[in-house]
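A structural walkthrough
Listed below, chain by chain, are the residues.
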Amino acid sequence: MKSAHLLSAEDLSKDDALKLLATAKELATITDGPNKKLPTLRGKTVVNLFFEDSTRTRISFETAAKRLSADVINFSAKGSSVSKGESLKDTAQTLQAMGADAVVIRHGSSGAAQRLADSKWIQATVINAGDGTHEHPTQALLDAFTIKQHLRANESDLSGLKVLIVGDILHSRVARSNVILLNKLGARVTLVAPPTLLPVGVEKWPVEISYDLDKELPQCDVVMMLRIQQERMADSFFPTEREYSRGYGLNSYRLAQLQKSAIVMHPGPMNRGLEISADSADDVKSVIIDQVKNGVAIRMAVLYQLLGGAPIGARND
Amino acid sequence: MIKLSNAKLVDGSLVNVEIDQGVIKSIVKSSGKDKVEGIDGSGKILMPGLVDLHTHLREPGREDSETVLTGSQSAVNGGYTAISAMANTNPVADTAGVVEQIFRLGKSAGICDVYPIGAVTKGLNGDQLAEIGAMAESIARVRIFSDDGNCVADPLIMRRALEYVKTYDGIIAQHAQEPKLTINAQMNEGIVSARIGLKGWPAVAEEAIIARDILLTDHVQSRLHICHVTTAGGVELIRWAKQRGIAVTAEVTPHHLLLTDDLVENYDPIYKVNPPLRTERDVMALRQGLAEGVIDIVATDHAPHSAELKDCEWQSAAFGMLGLESALSVVIKTMVETKLMTWEDLSARMSIRPAQIAGYENQGRQIIEGAPANLILVDPNASWTVNRDNLKSKSRNTPFHQMQLPGVISDVIYSGNLVMKSGKLTVVNAELND
Ligand SMILES: [Zn+2]
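Definitions and cut-offs
- Residues numbered from 1 in each chain as written.
- Chains lettered and ligands numbered in written order.
- Predicted model: local features only at pLDDT ≥ 70, side-chain atom pairs only at ≥ 80, totals over all residues.
- Heavy atoms only, no water.
- Helix = DSSP H or I, 4+ residues; strand = E, 2+ residues; numbered from the N terminus.
- Buried < 20%, exposed > 50% of the residue type's maximum accessible area, 1.4 Å probe, protein only.
- Contact = heavy atoms within 4.5 Å.
- Rg over C-alpha atoms; globule rule 2.2 N^0.38 Å.
- Areas by Shrake-Rupley, 256 points an atom, 1.4 Å probe, with all protein chains shown as cover.
- Lys, Arg positive; Asp, Glu negative; His and termini not counted.
- Charge placed at Lys NZ, Arg CZ, Asp CG, Glu CD.
- Buried area = accessible area lost by both parts, 1.4 Å probe.
- Salt bridge = Lys/Arg side-chain N within 4 Å of Asp/Glu carboxyl O.
- Donors = N, O, S within 2.8 Å, 3.2 Å for Na, K, Ca; no water.
- Axes fitted to C-alpha atoms, helices over the stretch in contact; angles between N-to-C directions.
- Parallel < 35°, antiparallel > 145°, perpendicular 65-115°, else oblique.
- Left-handed = near helix turned anticlockwise from the far one by under 90°.
- Pairing = 2+ DSSP bridges.
- Domains from an automatic or database assignment.
- Polar contact = N/O pair within 3.5 Å; in protein donor to acceptor, adjacent residues only side chain to side chain.

1. As for the overall build of chain A
Secondary structure assignment for chain A yields twelve helices and nine strands. Dimensions along the principal axes, computed over C-alpha positions, put chain A at roughly 55 × 45 × 35 Å. Taken over 317 residues, chain A has a buried fraction of 57%. Nonlocal contacts in chain A, meaning residues at least 24 apart in sequence, comprise 75% of its contacts between residues at least 6 apart.

Structure follows, in structure tokens:
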């Protein structure tokens, strides 16, 4: 990897990404064995800096770091009394003083991870664990890993696959990172959403756009359902949950329209009954549990490569 | 008595000038190589001092980021002999008392004219007119009224304000931003915002208000000034209004003439400004509009902010950029060097026309005998590199840091006094030395 940080899926070349997927696979095999822990990052300190609640993502990073024998500090900055602006800088300087080697940051503001990396506040490697409505690159990596595992295990990349990403694209960091990464890996992405939940400017993304889920389902290999926040209804992005669900929810009828080999994904946490019905989430086509499991392996690979498992060039800025 | 030799006026003629008792005492033709008496103007352009109709001075309320004094010093350093203090201070400039306080602070700084702008509505709340009459009749003689920072969004309040200021030959300066379309907006809505995931501030939110207010102005036969136009569509609407003889004027900021929204890509809040940086297409339309005179003037929207309001993540940062000290150079770069405008045009857009719009009688005057001596001398061939640490402003939030820009101001004469001499302010105040 040419970057010292992982802020965006754009930081990864196709080769970088494939290498991470391969490393993750290797690490997964090892930690599936009797000795779950590797000594690779012994003596390194990884800080989980979470300004937003996300127990799932935090635990995933924490598990990954611990399996590589790193020391882990969980720093939950949510609800801190300092003003929002100052707290990122102040916290960063505190972590610098504590000797953090890597900071895994989750923040409600788009660009917070990049600010942390670009600022002089801290020298540590920065890993973006979700910034506002911008990106969540490790989620995209674990999604690519899961897709490859199920549909392209013996091929070099994801060429020829058609992936639907369905739902609140406008506010989704998962969608942004996936669009970038899946394209690099050769997949074709179609975004399916009501027009209110697609950003102005999406026409420049390397994707197809559709408002009609039923039309797209029979031809796709992967359908990735995004979480829909309840408050979007209050902001009139759609009239009612029922109408959303009718147009864009995955249910057993729609599940039956999928190709036999197709898989169903969701980054979690799910709103069962809204964007995905309970039976769809638990169907044999669903690989949602694999996504969670693969998250740990991917995050191990990212930490491993960024913190010294592989030669890393200096960042150009 | 100040003497000035061999300077060039914007029409190309060479002159020797004598200034006494605050006015131009004599002006005679020069060969360009006459014996130098007083200030050597050789190779430099002499023009009326610049006039800004959109300046945030932060006093009262945020004296840590700018005061009337430091704002005045910043103005002189940028070649301005008159500035207009926006009303969004704390307390808001919505009473005769506050505008008179700012007016007096300007007088006591004494190095340029400081004209307070009055709020349109009480506390900038948008729903109740401020005491416009009292401000107009105060010693500050306020003529421009603006809720800048906020839009006068309620169409009925806007209509009333436009009607009410007619008594005083006043003008409403509108910050055109439809509030519902820009809730929590962070940057221009478009290709860049879609990619980097910041909430969009669409062009239509500006244009919808411009269109509405043009029609209201026509209906009640008043005067409207559009602050900081940023979109190609806005330029079109104003062109349309002018063709119909509607009394609308408009301004553009230097930063909107030069910078575009792709600079936001790295989330550096130095580029966070309201209205936001737009696209290349908008920048080109703004330049064209300014060249044609559809956009009448350049105004700085000088918006000082203390360091902590910019040294943070994008969403928590304040909107606004410094402008006074780099405005002339940015306009030379974007409009004169590109051959879109002449120096005569520049002088019209940055001095003569803003003074006319605001009714600042001693400013923006032709350089003739008997005219008030508010003048600047500029070396058009020299350049300088912006350094945020060397600005006279109390704040450092310039987006032009490290940029090399054309045009160096060497001397500024305000009311017959040399307030900048050979590039240095002559009046050094105690506050400067801390
Ligand atoms: Zn404004």
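We are not done yet, so read on.
2. Re the overall build of chain B
On a plain count of helices and strands, chain B comes out with eleven helices and 19 strands. Its C-alpha radius of gyration of 21 Å places chain B within 12% of the 22 Å reference for a compact globule of 434 residues. Within the span of chain B, comprising 434 residues, buried residues form 61% of the whole. Counted over contacts in chain B with a minimum sequence separation of 6, partners at least 24 positions apart contribute 74%. When the accessible surface of chain B is totalled, it reaches about 15900 Å², and 48% of it is carbon and sulfur. Side-chain charges of chain B comprise 41 positive and 53 negative groups, with the mean position of each set lying 3 Å from the other.

3. Points about the interface of chain B and chain A
Contacts between the two partners involve 20 residues from chain B and, on the opposite side, 24 residues from chain A. Summed over both partners, the interface of chain B with chain A comes to about 1700 Å²; 52% of that surface belongs to carbon and sulfur atoms. Joining chain B to chain A, the criterion identifies two salt bridges. Close ionic contact of arginine 115 of chain A with aspartate 268 of chain B constitutes a salt bridge, the shortest N to O distance being 4.0 Å.

4. A closer look at the coordination of the zinc ion
Geometrically, a metal with four donors at the corners of a regular tetrahedron has ideal angles of 109.5 degrees, and one with six donors at the corners of a regular octahedron has ideal angles of 90 or 180 degrees. Residue and element names in this part refer to chain B. Distances from the zinc ion to its protein donors, namely Asp148 (OD), His175 (ND1) and His228 (NE2), fall within the range 1.9 to 2.2 Å. Positions of the donor residues of the zinc ion, expressed as sequence spacing, correspond to D-x26-H-x52-H. One end of the pair, aspartate 148, is in the loop between β9 (144-145) and α4 (155-164); the other, histidine 228, is in the loop between β13 (224-226) and α7 (232-243), with 80 residues separating them in the sequence. With relative accessibility at 2%, the residue aspartate 148 sits in the buried group. Given the relative accessible area of 1%, histidine 228 is considered buried.

5. Focus on the environment of proline 116 of chain B
All names here are of chain B. On the secondary structure map, proline 116 appears in strand β8 (residues 113-116). Judged by its relative accessible area of 4%, proline 116 is buried. With 24 residues separating them along the chain, proline 116 and alanine 140 place their C-alpha atoms 6.8 Å apart. Contact partners of proline 116, with chain neighbours within four places excluded, come to Ala85, Val99, Ile102, Phe103, Ala140 and Val142.

6. A look at the packing of helix α5 (residues 137-151) of chain A against helix α6 (residues 173-184) of chain A
Residue and element names in this part refer to chain A. Two numbers describe how α5 lies on α6: the axes approach to 8 Å, and their chain directions differ by 55°. Between α5 and α6, the interaxial angle falls into the category oblique. Considering how the two elements wind past one another, α5 and α6 form a crossing that is right-handed. From α5, Pro137, Gln139, Ala140, Leu141, Asp143, Ala144 and Ile147 reach across to α6, where they touch Val174, Ser177, Asn178, Leu181 and Leu182.

7. Some remarks on the sheet that holds strand β9 (residues 263-265) of chain A
Residue and element names in this part refer to chain A. In space, the five strands of this open sheet follow the order β7-β6-β5-β8-β9, with parallel pairing throughout. Across the chains shown, the open sheet's two edge strands, defined by having one partner strand only, are β7 (208-210) and β9. Sheet twist, expressed as the mean angle between neighbouring strand axes with direction ignored, is 20°. Where strand β5 (residues 162-166) meets strand β8 (residues 222-225), four bridges bridge the pair, whose relative direction is parallel. Opposite valine 163, over in β8, you have valine 222 as the bridge partner.

8. Section: the domain arrangement of chain A
All names here are of chain A. Segmentation of chain A into domains returns domain 1 (9-135 + 295-306) and domain 2 (137-292). Here the C-alpha centre of domain 2 lies 25 Å away from the C-alpha centre of domain 1. If you look at the interface, domain 1 gives 28 residues, while domain 2 gives 25 residues. Buried surface at the junction of domain 1 and domain 2, both sides included, amounts to about 2300 Å², of which 64% is carbon and sulfur. Linking arginine 173 and glutamate 52 is a salt bridge whose minimum nitrogen-to-oxygen distance equals 3.1 Å. Taken together, the connections running from domain 1 to domain 2 amount to ten residue pairs in polar contact (both at pLDDT 80 or more). For the side of domain 1 that touches domain 2, the elements supplying multiple residues, two or more each, are α1 (14-32), α2 (55-67), β3 (102-107), β4 (125-131) and α12 (288-309). Per element, the largest residue contribution to the side of domain 1 that touches domain 2 is seven residues, and it comes from α1.

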